[in-house]
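Spelled out, the chains give:
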There are 2 protein chains.
Amino acid sequence: MKLYSYFRSSASYRVRIALNLKGLPYEYVPVHLLRSGGEQLTAQYRKLNPDGLVPTLVDGDVTLQQSLAIVEYLEETRPEPPLLPRDPVDRAYVRAVAQQIACEIHPLDNLRVLRYLVHELGLSDEAKNGWYRHWIEAGFETLESRLSTERRVGKLAFGDEPTVADLCLVPQVFNAQRFKVDTARYPTIQRIYDYACGLDAFARAAPGAQPDAE
Amino acid sequence: MKLYSYFRSSASYRVRIALNLKGLPYEYVPVHLLRSGGEQLTAQYRKLNPDGLVPTLVDGDVTLQQSLAIVEYLEETRPEPPLLPRDPVDRAYVRAVAQQIACEIHPLDNLRVLRYLVHELGLSDEAKNGWYRHWIEAGFETLESRLSTERRVGKLAFGDEPTVADLCLVPQVFNAQRFKVDTARYPTIQRIYDYACGLDAFARAAPGAQPDAE
């Protein structure tokens, strides 16, 4: 398998964790989001990923886009170890946590959005960072209120074994800390993050451990 | 079943289509996103949905959030008719289309974001509408380039039977038209939309057909 990835991309980070958890080796192909106007926007890359986004996973003659669709594909084609619980209600819980991060928090804070705020709307760096923190904090507040009262939470978001929820949570916390959000204000999220980061599959997927890390 | 919904909410609209396609009757509970500061933000509603978002689906003693997690749950508990193909590669394609809309387009254009632009950043209505159109157009352009060359596309995004991709596409087109985006510029998207809107399950899920329609 081949993963087109950028070390700091949260969506790439999710898929790297999933591949590691499932013990699937892959070739890492760096796509630099900032260099030469964005390598993800070239015509050549867009043949693999029409959206011009990372990650893209190539599995034999199959080319896959969108991190959570890729993770569901891996789950269906390489079911062990599972990244979703067996019970449909538990699966819905895990997917809802993943999607709260992937649909409500992350899209507002990714690179192309922050760029639009500065270049098109003329926002100052301060206003841009305020935007960033606003959506992270709003999202983490509701996520914390949910996880702190959720009986399914163990060492991780669902019991003690990693699921799709954790592989969305960890990159989002990493990202928040990079923007100086005080994640200690969200003790359940912070505790899950700390525990997950100690696991080999998560540690090897971390931005700093990638070949294109700066 | 009970669906907490707002007639114009795209995420609610997705779940309404899924429930109709699967022939599942439900009680409609309107949650007015604009009235009295937003009924979705009350402490009472947040017990059902910590994020303060619609929709919420209550199925017996189970309470579910996040539209695509809800749809996957319905698919797993009421498999007929299927809203995902059988083959994992086809499923990944359908989910990627759904998520391109749900993760890349919709989150940037929902009510709370548009409000932040106006109330916190002081954007004019013109700049706000420019923002809205920018993300819709960027997203629809790549979606159109994908669908127009995709061999799986039939009358709908995957062959001729409705899938999760269509139930994300239709509300997003409806929403775009409300904001005066010329969707005829995206002929494949427009054609799928027109065909889907003629199907009973989609027509009954349309915003104008809901009890809280204004």
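Keep in mind that what you see is a predicted model, and the values were worked out from it rather than measured.

J.: What am I meant to see in the relation of the copies chain A and chain B here?
T.: For these two chain copies, the linking operation is a rotation about an axis paired with a shift along it. When chain A is fitted to chain B, the best match, at an RMSD of 0.0 Å, comes from turning it 180 degrees and sliding it 0.0 Å along the axis. What the superposition gives is, in effect, a two-fold axis relating one chain to the other. When C-alpha positions in chain A are compared against the rotation axis, the closest is assigned to cysteine 103 of chain A, at 2.4 Å. Comparing contact sets, 100% of the residues at the interface of chain A also lie at the interface in chain B, consistent with an isologous, same-surface contact.

J.: Where do I start with the sheet that holds strand β2 (residues 27-30) of chain A in this structure?
T.: Residue and element names in this part refer to chain A. If you trace the four strands from one edge of the open sheet to the other, you get β2-β1-β3-β4, paired in mixed fashion. If you trace the sheet from one side to the other, it starts and ends with β2 and β4 (62-65), each paired once. Taking each pair of neighbouring strands and ignoring which way they run, the sheet shows an average axis angle of 20 degrees. Note: strand β1 (residues 2-5) against β2, four bridges, orientation parallel. Opposite lysine 2, over in β2, you have glutamate 27 as the bridge partner. In this fold helix α3 (residues 67-77) packs onto β3 (56-59) and β4, with an angle of close to 130 degrees to the strand it touches most, β4.

J.: Help me understand the interface of chain A and chain B in this model?
T.: Where interface size is quoted, it is often the accessible area lost as the parts come together. Across the contact, 41 residues belong to chain A and 41 residues belong to chain B. With both chains or domains summed, chain A and chain B bury close to 3800 Å², and 63% of this area falls on carbon and sulfur atoms. Between chain A and chain B we count eight salt bridges in total. Among the salt bridges present, the one from glutamate 76 of chain A reaches arginine 91 of chain B, with a minimum N-O distance of 2.8 Å. In this structure, the connection of chain A to chain B is made through 14 residue pairs in polar contact (both at pLDDT 80 or more). Elements with a minimum of two residues in the side of chain A that touches chain B: β4, α3, α4 (88-105), α5 (111-119) and α6 (125-147) of chain A. Counting residues per element, the side of chain A that touches chain B draws most heavily on α4 of chain A, at 11 residues. Grouping the constituent residues of the side of chain A that touches chain B by class yields 22 nonpolar, 10 polar and nine charged.

J.: What should I look at first to understand the nonpolar core in this one?
T.: Soluble globular proteins tend to pack their nonpolar side chains together in the buried interior. Judged by nonpolar contacts, the single largest core of 120 residues is most densely connected at Trp131 and Leu169 of chain A together with Trp131 and Leu169 of chain B. Once residues within four sequence positions are removed from consideration, leucine 169 of chain A is found in contact with Ile101, Leu143, Leu147, Ile189, Ile192 and Tyr193 of chain A.

J.: When you look at the UniProt feature "domain: GST C-terminal" (unreviewed entry) in chain A in this model, what are you seeing that I'm missing?
T.: The positions that UniProt labels "domain: GST C-terminal" (unreviewed entry) are, in the present scheme, residues 87-214 of chain A. Taken end to end, residues 87-214 of chain A is 64% helix and 0% strand, and its two terminal C-alpha atoms sit 41 Å from one another.

J.: Would you take a moment to explain the domain arrangement of chain A for this structure?
T.: All names here are of chain A. The domains assigned to chain A are domain 1 (2-81) and domain 2 (88-202). On the domain 2 side, the residues contacting the 14 residues of domain 1 number 18 residues. Interface of domain 1 and domain 2: buried area, both sides summed, is about 1700 Å²; carbon and sulfur atoms make up 66% of it. It is Tyr13, Arg14 and Ile17 that lose the most area in domain 1 upon contact with domain 2, and together they represent 33% of the buried surface on that side. Measuring nitrogen to oxygen at the nearest pair gives 2.7 Å for the salt bridge that ties glutamate 72 to arginine 95. Taken together, the connections running from domain 1 to domain 2 amount to three residue pairs in polar contact (both at pLDDT 80 or more). When residues of the side of domain 1 that touches domain 2 are traced back to their parent elements, those giving at least two are α1 (10-21) and α3.

Conventions we followed
Starting from 1, residues in each chain are numbered consecutively following that chain's sequence as written. Chains and ligands are labelled sequentially in the order written, the chains with letters from A and the ligands with numbers from 1. The predicted nature of this model means local features are confined to residues of pLDDT at least 70 and side-chain atom pairs, given and counted, to a pLDDT of 80 or more, with totals for whole chains, interfaces and linings taken over all residues. Side-chain measures were taken over the full set of non-hydrogen atoms in the model, leaving aside hydrogen atoms and water. A residue counts toward the fit only if its pLDDT is at least 70 in both copies, and the copies are then superposed by least squares on the C-alpha atoms of those residues. Contacts: residue pairs with any heavy atoms within 4.5 Å of one another. Two strands pair if DSSP finds at least two bridges between them. Each helix corresponds to a stretch of at least 4 residues labelled H or I by DSSP, and each strand to a stretch of at least 2 residues labelled E; elements are numbered beginning at the N terminus. Only the stretch in contact is used when a helix axis is fitted, and all axes are lines through C-alpha atoms; the angle between N-to-C directions ranges over 0 to 180 degrees. Joining two parts hides part of their accessible area as seen by a 1.4 Å probe, and the buried area is that hidden amount summed over both. Salt bridges are defined as contacts in which a side-chain nitrogen from Lys or Arg sits within 4 Å of a carboxyl oxygen from Asp or Glu. As used in this structure description, the phrase polar contact means that two N or O atoms lie within 3.5 Å; if the pair is within protein, one of them must be able to donate a hydrogen and the other to accept it, and residues adjacent in sequence are counted only when both atoms belong to side chains. Under this grouping Gly is polar, as are all residues other than the nonpolar Ala, Val, Leu, Ile, Met, Phe, Trp, Tyr, Cys and Pro and the charged Asp, Glu, Lys and Arg. Throughout this description, the term nonpolar core refers to a set of buried Ala, Val, Leu, Ile, Met, Phe, Trp, Tyr and Cys residues connected via side-chain atoms within 4.5 Å. Note on exposure labels: buried denotes an accessible area under 20% of the residue type's maximum, exposed denotes more than 50%, and partly exposed covers the range between, all computed with a 1.4 Å probe on protein chains only. UniProt positions are given in the numbering used here, feature names are shortened, and annotations may be inferred rather than shown by experiment. Domain limits in this description derive from either an automatic procedure or a database domain assignment.

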